[in-house]
Amino acid sequence: MAPVTRWDRSLALACAVVGVLLLLTTLSFVIVDRGLSQRTAFLLFAGLALAIIYMLLDPGAVIALARDRRSRAGSWAVLASAVVAGLLIGINVVASRSTQATDLTRAGLYTLSSRSVTVVDRLDTDLVVTGFYRSDEQATKRDVQTLLNLYQQRSPHIKVRFLDPNQAGGLALSLGVKTSGSIVLQYRNKAPVVLNLAEQNESSLTGAILRLESTRSPTVCWATGDGERSLEDTNEVSGYSAVADLLRGSDYRVQNLLLVQQGVPASCDVLVVLQLSRPISDASVTAIRDHLARGGKLLLAIDPWLDARIVTSANAVLSQYGAGFDGGLVMEPDTAHAAAGDSTVPVVYSWGSSPITKDLDRRYVFFPLTTAITGGGAAGVRAVNLASTSERSYVIPQERTVLDRRATDRPGPFVLMRSLEEHRPAGTTRIVIAGTSALAENRTLPPSASSSNQDLLRASLDWLTQQDSLIAIGPKPPAAQPLSLSGTDQRLNAVFTVGVLPLLVLIAGSLVRARRRAI
């Protein structure tokens, strides 16, 4: 028999190391696959073959493992390194097939909040969630699918499906979907709830489920007769038909109310008065104030540069609460707080502390052609400034064609939207006032715009109707963006994790063996 050379021993040891790695990897795949597959059988035979080659190339090393203490220590060091590397590979394979996960983030970014868990656990029949995404919206689809998986893990009643709106356009329209990238929630016989892209977060999703679970359908009395905004106006720019869809999708009942003739019935959960073309009559002012004295709710918005008598009549409704309307036009020259190229449309993305704005942090809302809110609230009234302008803003008191700033214009900042709350023996009075009736025009709502105007309007109505639970889940901080790797980066990562790192472990074991043989 020819003597065993140094290279034979090195090759034999390499075969032994690789063989151990293959055998341990085979074991991990057998555990994952629950049996021996074609893939694992190949790895098994390869590992056994390399082990046999090791014994044939260097049979003396096998004997030395039992007799020679120094050889045994060095060989075992190399083999132990191979075992450690193999175990790490095996653990990684097993872990990659598991669906278990642990959320170690302080804010709980990847788990449902306790409020969401409570809401989901109350489902007693199937909730069908349908996502409508085109083939070029797969990234957005994956994000919402990840969120929906958290809900599915919690309840077997949540059923999710995804459809292409180009192939299921009829179904999308019948469910009220107007833009691709929307999801629809259906539960029992309730009207479907549509969530657009900006609303596809835990807060909005849980709020929608809670809305579907609720047995309450508040009545919104929409004032008419004094030039107020009409829900039947379908004009793509100034119309309010999108708000009508929003109210239906949010399970609100809408009743048109001729305020001057009917007053404010007790059946009204909230009275909405948006825009005025003539003063509110004294009888209507009295009716509104009586409604509020009974613990009623009011959403009131007028526009700038109106007849002074109109502004006075609106302020008569609010005077006892320490608030009112300025009447002038707010200009926002700060380009970071105004619509592109239009200083008459302030943009707000920093909000006051209120349940209404709890889910709007860093989300922007347009306030087209707005006037300022005055006053600071009366004694016993809790006033919260919801939206304000920047310090560079100014008000033009009287109508004019040239909007450049003049010395007579009042400097900002100004309040654009405020909530008022007063606890009375008859109930809690709640009021939301805004300096523009264009807050929720069709041009500011999807599909015309991706702003959060509709979220602000809906949250205002939810707060007014004392459905605070629908807006009680605050937003979580944004998750860290995933690292995007190119094809080359992915290949380098694979080489380092699968090849270089295990090789370093083997080299360390070989160095230990060589050192001990030299002693």
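One can find the structure itself at the top, above this paragraph.
### Let's talk about the nonpolar core
Here comes step 1: Trp222, Val243, Phe367, Met417, Leu456 and Leu461 are the most contacted members of the largest nonpolar core, which totals 41 residues.
Here comes step 2: The set of elements that each furnish at least two residues to this core consists of β5 (219–224), α9 (241–249), β7 (270–274), β8 (297–301), β15 (382–388), β18 (415–424), β19 (427–434) and α13 (453–464).
Here comes step 3: Of the residues forming this core, the biggest block, 6 residues, is contributed by α13.
Here comes step 4: Beyond its immediate sequence surroundings of up to four residues, tryptophan 222 is in contact with Arg229, Leu231, Tyr240, Val243, Leu247, Val254, Gln255, Asn256, Leu257, Val272 and Leu274.
Here comes step 5: Formed by 31 residues, the second largest nonpolar core is a distinct cluster that contains Leu259, Leu271, Ala287 and Phe325.

### Here's the deal with the sheet that holds strand β13 (residues 365–366)
Whether parallel or antiparallel, the strands of a sheet pair through hydrogen bonds between backbone atoms.
Here comes step 1: Read from one edge to the other, the open sheet built from 3 strands follows the order β11-β12-β13, with strand pairing classed as antiparallel. Looking along the sheet, the strands with just one partner apiece sit at the ends: β11 (338–339) and β13.
Here comes step 2: Two strands pair when backbone bridges link them, and β11 and strand β12 (residues 342–348) are joined in this way by 2 bridges, in the antiparallel orientation. Pairing of alanine 338 across the sheet is with proline 346, part of β12.

### Side note on the state of the cysteines
Here comes step 1: Enumeration over the complete set of coordinates arrives at 1 disulfide.
Here comes step 2: Across the disulfide from cysteine 221 sits cysteine 268; the S-S distance is 1.8 Å. Its S-S torsion of approximately -90 degrees makes the covalent link between cysteine 221 and cysteine 268 left-handed. Linking cysteine 221 in strand β5 with cysteine 268 in the loop between α10 (259–262) and β7, this pair joins segments that are 47 residues apart in sequence. Here cysteine 221 matches cysteine 268 in class, with each residue buried.

### Focus: the pattern of salt bridges
Here comes step 1: Under the counting rule described, the total for this entry stands at 21 salt bridges.
Here comes step 2: Across the pair arginine 211 and aspartate 462 runs a salt bridge, and its minimum N-O distance is 2.8 Å. Highlighted residues: arginine 211 in helix α8 (residues 202–213) and aspartate 462 in helix α13, separated in sequence by 251 residues. Both residues of the pair, arginine 211 and aspartate 462, belong to the buried class.
Here comes step 3: Each member of the salt-bridge network shares a partner with another, and the members are Glu199, Arg363, Asp455 and Arg458.

### Some thoughts on the packing of helix α11 (residues 282–293) against helix α12 (residues 308–318)
Here comes step 1: Following both chains from N to C, one finds α11 and α12 inclined at 25 degrees, their axes separated by 9 Å at the closest point. Regarding the angle of α11 to α12, the classification is roughly parallel. In this structure, α11 crosses over α12, and the sense of that crossing is right-handed. Residues Val285, Ile288, Arg289 and Leu292 of α11 form the contact with α12, whose participating residues are Ser313, Ala316 and Val317.

Rules of the game
Per chain, residue numbering runs from 1 following the sequence as it is written. Under the rules for a predicted model, residues below a pLDDT of 70 receive no local features and side-chain atom pairs below 80 are neither given nor counted, while totals for whole chains, interfaces and linings still include all residues. Excluding hydrogens and water, the side-chain values take into account all heavy atoms of the structure. Residue types Ala, Val, Leu, Ile, Met, Phe, Trp, Tyr and Cys, when buried and joined through side-chain atoms within 4.5 Å, form a set referred to as a nonpolar core. In this scheme, a residue with accessible area under 20% of its type's maximum is buried, one over 50% is exposed, and one in between is partly exposed, where area comes from a 1.4 Å probe on protein chains only. Helix numbers and strand numbers start at the N terminus; a helix is a DSSP run of H or I with at least 4 residues, a strand a run of E with at least 2. The contact criterion used throughout is that any non-hydrogen atoms of two residues lie within 4.5 Å. Two strands pair if DSSP finds at least two bridges between them. Note that a disulfide, as used here, is simply two cysteine sulfur atoms within 2.5 Å. A pair is scored as a salt bridge if a Lys or Arg side-chain nitrogen falls within 4 Å of a carboxyl oxygen belonging to Asp or Glu. Lines are fitted to the C-alpha atoms to define the axes, a helix being fitted only along its stretch in contact, and any angle between axes, read from their N-to-C directions, falls within 0 to 180 degrees. When describing relative orientation, an angle under 35 degrees is termed roughly parallel and one over 145 degrees roughly antiparallel, while 65 to 115 degrees is termed roughly perpendicular and anything else oblique. It is the rotation of the near helix from the far one that decides the hand of a crossing: anticlockwise by less than a right angle makes it left-handed, clockwise makes it right-handed.

The values reported here are purely geometric and, on their own, carry no functional implication.
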